[in-house]
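Here's the letter readout for the chains.
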Amino acid sequence: VQLQASGGGLQEAGGSLTLSCQPSVTISGIDVLGWYRRAPGKERELVGSIDTSGSTNYADSVKGRFSISRDKSVNMMYLQMSSLKPEDTAVYYCNARIVTLARSTLNYWGQGTLVTVSS
């Protein structure tokens, strides 16, 4: 599975950005799609995720500001970010998690897209 992430860039604090992620396989075949980020000097952390039922989960730091959605018609996942803060500056990674029939978990990662928020 390949994941193509896009949409990063430079934004002022308080602004908005939308990231996109396109898997090479149908979204319906992916158990959980998620966004992670790695800020300079920090470990990678979960931003949020969406499962096959459409249920979403967010890190406390982004709740109320970020929203994950998916569009099966175009096979895309999105991360809508608003009220951006300088501490949101990071490389954002798209992740796909698939649970196989043998109950093992496969994780796939996109190449990352840089989001920079200026103060």
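Residues numbered from 1 in each chain as written. Predicted model: local features only at pLDDT ≥ 70, side-chain atom pairs only at ≥ 80, totals over all residues. Heavy atoms only, no water.

(A) Examining the pairing of strand β11 (residues 113-118) more closely. A one-sided burial pattern is seen for β11, the buried positions being Thr113, Val115 and Val117 and the unburied ones Leu114, Thr116 and Ser118. Looking at chain direction, strand β2 (residues 9-12) and β11 are connected through four bridges and run parallel. Within β11, the residue paired with glutamate 12 across the bridge is serine 118. Of the pairings in the sheet, the one linking strand β9 (residues 90-99) to β11 comprises three bridges and is antiparallel in character. (Buried < 20%, exposed > 50% of the residue type's maximum accessible area, 1.4 Å probe, protein only. Helix = DSSP H or I, 4+ residues; strand = E, 2+ residues; numbered from the N terminus. Pairing = 2+ DSSP bridges.)

(B) How the structure looks around the nonpolar core. Within the largest apolar cluster, 28 residues are counted, with the highest numbers of intra-cluster contacts made by Trp35, Phe66, Met77, Leu79, Met81 and Tyr92. Of all the secondary-structure elements, those providing two or more residues to this core are β1 (3-6), β3 (17-23), β4 (32-38), β5 (45-51), β7 (66-71), β8 (76-81), β9 and β11. For this core, the element with the highest residue contribution is β9, accounting for five residues. Methionine 81 has contacts with Gly15, Ser16, Leu17, Leu19, Arg65, Phe66, Tyr92 and Val115, leaving out every residue within four places of it along the chain. (Core = buried A, V, L, I, M, F, W, Y, C linked by side-chain atoms within 4.5 Å. Contact = heavy atoms within 4.5 Å.)

(C) Quick look at the side chain of serine 20. Note on placement: serine 20 falls in strand β3. Apart from residues lying up to four places away in sequence, serine 20 is in contact with Gln4, Ala5, Ser6, Trp35, Met76, Met77 and Tyr78.

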